[in-house]
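If you want the building blocks of each chain, they are given just below.
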Amino acid sequence: MQHSQAIVYHRHGDPLEVLELVDRPMPEPGTGAVRIKLLAACVHPSDFGKVAGSYGRLEHLPAVAGREALGEVEAIGAGVTGVALGTRVRFPEAGAWQEYACCQAAALELVPEGIAIANAAQSFINPPTAYCLLEKLMDLPKGAWVLQNAGNSAVGLCIIQLAKELGYRTISEVRRESLEAPLKALGADKVVFSGSGWHRQIEEITAGAPLALALNSVGGESALDQLRALSAGGTQVTFGGMVRQPVRFPTRELIFKDLRLRGFWWDSWVRENGPNASREIVGRIHQWMREGRLQLALDQAYPMDQYKEAISRAAAPRLGKVLLAPDPKRLAEEA
Ligand SMILES: NC(=O)c1ccc[n+]([C@@H]2O[C@H](COP(=O)([O-])OP(=O)(O)OC[C@H]3O[C@@H](n4cnc5c(N)ncnc54)[C@H](OP(=O)(O)O)[C@@H]3O)[C@@H](O)[C@H]2O)c1
């Protein structure tokens, strides 16, 4: 009997301690459903938050880890029409770190042809988040400067490329000088280095133009530097907390510059705006990817049984996503 490997957890905790690889019976698609075979799944900071029990939305336990992946239709249940075998689709979000899952054909999110597996697997969360951060929270004029930290993160790479497409200029903070050249090659306008005191040169960096939006996924000192760099009336949007400390704020900057602090969560945005609105954004993302205008780097792909290596690698300094893929060679062929 064929099995499906899955990476599961029965309790919340450190992913390296609580996750385990299990063999499950192959799921069979019922009436109106299809079976999807995993091609590649992302290893995201939020996956660890869900496993640890600290994320904003948790699964009932036991659960399969992971939430973002690309799959292909591998078997079709009774009564399903208009879906071809091999069609690439988003893998069901509730448990993306497993080889096979079934879902109703009517709920399939199709992925157009012409997008490499490693790119398509990363297209459903980080790029739409970057798009919303740039387009849905403020009315930025063309040519406006946008500041971000974690410029080499997947969201950061999206912000750099989408800002270029949408007519904004970016200042990206990173922790290593070696990242400047690859980020500039993607279209970054300015790259600055954490802890270098760059915020004191903000007027030089923007040539005196205002800085109205800062995107913070780090927290700590980096978030404080953003507040110091923002112009009067500017907004800082926090959407991640990689240093895992509460964001503090400098009282003087808040009072004398009348700054705004707010948050953003893609899951809430989807809930509030509905599936049509989110699919419209993901559709644009796929179009940009097909046209080669949005590329998301791959660091390394690991087979399912090397999930511990994948998790350790995800915590290391890198440029590009760590993916889990039952057949990593297939990704390499499409690179
Ligand atoms: N709110 C939302 O809707 C939403 C949606 C998507 C993502 N996010 C958040 O956005 C952030 C980035 O996600 P991603 O998938 O793009 O991440 P990623 O590709 O895995 O990259 C992680 C980034 O975090 C940086 N980092 C790690 N530890 C750090 C620390 N202690 N101090 C400063 N920087 C640190 C890394 O820099 P180094 O290379 O220097 O280590 C890297 O730039 C995460 O916090 C994620 O949860 C939020």
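Residues numbered from 1 in each chain as written. Predicted model: local features only at pLDDT ≥ 70, side-chain atom pairs only at ≥ 80, totals over all residues. Heavy atoms only, no water.

## Concerning the domain arrangement of the protein chain
- Each domain of the protein chain was delimited in the assignment, giving domain 1 (3-122 + 296-334) and domain 2 (126-266).
- Of note, the centres of domain 1 and domain 2, computed from C-alpha atoms alone, are 30 Å apart.
- Across the contact, 12 residues belong to domain 1 and 12 residues belong to domain 2.
- When domain 1 packs against domain 2, the two sides together hide about 920 Å² of surface, and 67% of this comes from carbon and sulfur.
- Taken together, the connections running from domain 1 to domain 2 amount to 0 salt bridges.
- Counting across the domain 1 and domain 2 interface gives 2 residue pairs in polar contact (both at pLDDT 80 or more).
- By residue class, the composition of the side of domain 1 that touches domain 2 is 6 nonpolar, 3 polar and 3 charged. (Domains from an automatic or database assignment. Contact = heavy atoms within 4.5 Å. Buried area = accessible area lost by both parts, 1.4 Å probe. Salt bridge = Lys/Arg side-chain N within 4 Å of Asp/Glu carboxyl O. Polar contact = N/O pair within 3.5 Å; in protein donor to acceptor, adjacent residues only side chain to side chain. Nonpolar A, V, L, I, M, F, W, Y, C, P; charged D, E, K, R; others polar.)

## Some details on the sheet that holds strand E11 (residues 211-216)
- Across the sheet, which stays open at both edges, the 6 strands sit in the order E10-E9-E8-E11-E12-E13 with parallel pairing between neighbours. With partners counted over all chains shown, the strands left at the sheet margins are strand E10 (190-193) and strand E13 (260-263), one partner each. Ignoring which end each strand starts from, the neighbouring axes of this sheet average 20° apart.
- Pairing of E11 with strand E12 (residues 235-238) involves 4 bridges; the strand directions are parallel. (Pairing = 2+ DSSP bridges. Helix = DSSP H or I, 4+ residues; strand = E, 2+ residues; numbered from the N terminus. Axes fitted to C-alpha atoms, helices over the stretch in contact; angles between N-to-C directions.)

## As for the state of the cysteines
- By the definition in use, this model includes 0 disulfides.
- In this structure Cys103 is not part of a disulfide, and its nearest cysteine sulfur, from Cys102, lies 8.2 Å away.
- The thiol sulfur of Cys158 is not disulfide-bonded, and the nearest other cysteine sulfur, from Cys42, lies at 10 Å.
- Among the residues examined, Cys158 registers a relative accessible area of 0% and is labelled buried. (Disulfide = S-S within 2.5 Å. Buried < 20%, exposed > 50% of the residue type's maximum accessible area, 1.4 Å probe, protein only.)

## Focus: the environment of Gln245
- Within the secondary structure, Gln245 is located in the loop between E12 and helix H9 (251-257).
- C-alpha separation for the pair Gln245 and Gly220, spaced 25 residues apart in sequence, amounts to 6.4 Å.

## Here's the deal with the packing of aromatic side chains
- Evaluated as defined, the whole model comprises 3 aromatic pairs.
- With a centroid separation of 5.6 Å and 80° between ring planes, the pair formed by Tyr55 and Trp265 is classed as edge-to-face. Residue Tyr55 is found in the loop between helix H2 (45-52) and strand E4 (63-64), and its partner Trp265 is found in the loop between E13 and helix H10 (266-290); the two are separated by 210 residues along the sequence.
- Given a relative accessible area of 25%, Trp265 falls into the partly exposed group.
- Aromatic pair Trp266 and Trp269: ring centres 5.6 Å apart, planes at 10°, arrangement stacked. Separated by 3 residues within a single helix, Trp266 and Trp269 lie in helix H10, roughly one turn from each other. Note on accessibility: Trp266 and Trp269 belong to one class, buried. (Phe/Tyr/Trp six-rings, centres within 6.5 Å; stacked < 30°, edge-to-face > 60°.)

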